[in-house]
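Summary of structural features
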Amino acid sequence: MDLQALRAQINQLDETILSAFAQRMTICRQVGVYKKENHMPVFQKDREDQVIQRIRDMAPPDMSQSAAALFAAIMDISKCYQQQVLADASWMPSFQQVKTLSCARAGCQGTRGSNSETALRMLFPGAEAKFYATFGDVCKAVGSGEIDFGILPIQNTTTGTVIPTYELLHQQVGYIAATVNLEIRHCLAIRKDMDPAKLTTVCSHPQALQQCSGFLRESGLEQLSYSNTATAARFVAQSPLPYAAVCSPRCAEQYGLRILRPDIADAMENVTKFICFSKECLIPEQADTISIIAELPNRAGSLSRMLNKFAANGLDLQKLESRPVADGSFDVRFYLDFSGNVLDPRVNALLADLAGSLSEFRFLGNHQTLG
Ligand SMILES: O=C(O)C(=O)C[C@]1(C(=O)O)C=C[C@@H](O)C=C1
């Protein structure tokens, strides 16, 4: 068999397919114009089911599944193309485009000296900082207007996703306007008059304890969870107990503690990403990342079809997180971050398509990394 000759045949067929694809897209564009004039949604499920059934019936039996997948992909591309014609942004909540984020009061969980406070100061050096007992309380304060922005950790390079923040994002806490990446340094800190030989216990936030698990396992100290690294440091500073805290060097200094061991994290590079969110949707002019929630039908290929739409529009997916829907099924909800700005027509087309075809679609914000 002659490989060159076979490839030449493939090339010819590709030309035929490409020409048919281009013609099909041109017709779909006209359908898009018709839909715009007649106020019809782009997504027509019944028609798509008919198209797929027809293809399945016509395809050679051993290719029926792959042909169906190919035509589903073609229709996904054609829908995004039609969305560009419609340029409908009704999926988008009302938003305000801002040059910079101005903030009088911002809030975070924990107490002074926490890493969250450092993130808050990086974002808003001149703002009044307010501290709350729980992540949920930060969200409530944003909702009531007590603070302009809430700051919550969302991801760490060693331990991964901060799950409670994702759960809150699903409960409509507002819109992400910015993120900030903070290099985290953990040290073991004790009271200045404490004899290190007498230490029995170490306390900190569970994520911090996890990020230092290698050192702590070797130390043999008992571990105690605290709501925050700074609350743990404050407790250690005030308590007569033989306890140490895992906290930042800045926090140890703030509570008058002695650093017994610096840099005890397992990974040399340890960075936490914090989100900054507000009640109203604010989009900084330089916003370059979009966050959304997508719930997909539990059907073969639904995730790959959604991901193909990003590829077809040349949009770079940065993060895909799945969390359980928590309804007794094993269904999951996806949280996606991708590069883009909502004012880009391609981005609008993709989001309009997702909003019109997913069982749940939520826009979480178009943000920028600051600091
Ligand atoms: O028939 C339509 O309404 C079209 O827009 C065409 C088309 C397709 O590509 O075949 C695209 C989107 C619809 O969801 C269904 C079918």
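Keep in mind that what you see is a predicted model, and the values were worked out from it rather than measured.

Assigned secondary structure in the chain consists of 12 helices and 17 strands. The C-alpha atoms of the chain give 26 Å as radius of gyration, which overshoots the globular expectation for 371 residues (21 Å, by more than 25%). The dimensions of the chain, computed from C-alpha atoms along their principal axes, are 80 × 55 × 40 Å. Counting the 371 residues in the chain, one finds 47% classified as buried. Of the contacts formed within the chain by residues at least 6 apart in sequence, a portion of 74% connects residues at least 24 apart. With an accessible surface of roughly 18900 Å², the chain has 53% of that area assigned to carbon and sulfur atoms. The centroid of the 35 positive side-chain charges in the chain is displaced by 3 Å from the centroid of its 38 negative side-chain charges.

Glancing now at the site of the ligand. Close to the ligand lie 13 residues, the nearest being Arg24, Lys35, Glu48, Ser78 and Gln82. The side chain of arginine 24 places a nitrogen or oxygen atom 2.8 Å from an oxygen atom of the ligand. With respect to the ligand, the side chain of glutamine 82 contributes an N or O atom lying 2.7 Å from an oxygen atom. For the ligand, whose free accessible area comes to 360 Å², the fraction covered by protein is 90%. Elements that contribute at least two residues to the shell around the ligand include exactly α1 (3-37), α2 (45-58) and α3 (64-86). Looking at the shell around the ligand, its residues break down into five nonpolar, three polar and five charged.

By the definition in use, this model includes eight aromatic pairs. Ring centres 5.0 Å apart and planes at 25° place the aromatic pair phenylalanine 124 and phenylalanine 149 in the stacked group. With phenylalanine 124 in the loop between α4 (115-123) and β3 (128-132) and phenylalanine 149 in strand β4 (residues 149-156), this pair connects stretches of sequence that are 25 residues apart. On the accessibility criterion, phenylalanine 149 (2% relative accessible area) is buried. Centroid distance phenylalanine 235 to tyrosine 243: 5.9 Å. Interplanar angle 45°. Geometry classified as tilted. Overall, phenylalanine 235 belongs to the partly exposed group, its relative accessible area being 26%. For arginine 29, the ring lying beneath its charged end belongs to tyrosine 81, and the centroid distance is 5.7 Å.

Ile292, Phe310, Phe338, Leu351, Leu354 and Phe363 are the most contacted members of the largest nonpolar core, which has 25 residues in total. Among the secondary structure elements, those contributing two or more residues to this core are β13 (281-284), β14 (289-295), α11 (302-312), β16 (332-339), α12 (345-357) and β17 (360-370). When residues no more than four places from it in sequence are discounted, the contact partners of leucine 354 are Ile292, Met306, Lys309, Phe310 and Phe361. Val98, Ala106, Cys108 and Ala177 belong to the second largest nonpolar core, which has 21 residues in total.

So, how was this worked out
- Residues numbered from 1 in each chain as written.
- Predicted model: local features only at pLDDT ≥ 70, side-chain atom pairs only at ≥ 80, totals over all residues.
- Heavy atoms only, no water.
- Helix = DSSP H or I, 4+ residues; strand = E, 2+ residues; numbered from the N terminus.
- Rg over C-alpha atoms; globule rule 2.2 N^0.38 Å.
- Buried < 20%, exposed > 50% of the residue type's maximum accessible area, 1.4 Å probe, protein only.
- Contact = heavy atoms within 4.5 Å.
- Areas by Shrake-Rupley, 256 points an atom, 1.4 Å probe, with all protein chains shown as cover.
- Lys, Arg positive; Asp, Glu negative; His and termini not counted.
- Charge placed at Lys NZ, Arg CZ, Asp CG, Glu CD.
- Near = heavy atom within 4 Å.
- Polar contact = N/O pair within 3.5 Å; in protein donor to acceptor, adjacent residues only side chain to side chain.
- Nonpolar A, V, L, I, M, F, W, Y, C, P; charged D, E, K, R; others polar.
- Phe/Tyr/Trp six-rings, centres within 6.5 Å; stacked < 30°, edge-to-face > 60°.
- Lys NZ or Arg CZ within 6 Å of the ring centre and 35° of its normal.
- Core = buried A, V, L, I, M, F, W, Y, C linked by side-chain atoms within 4.5 Å.

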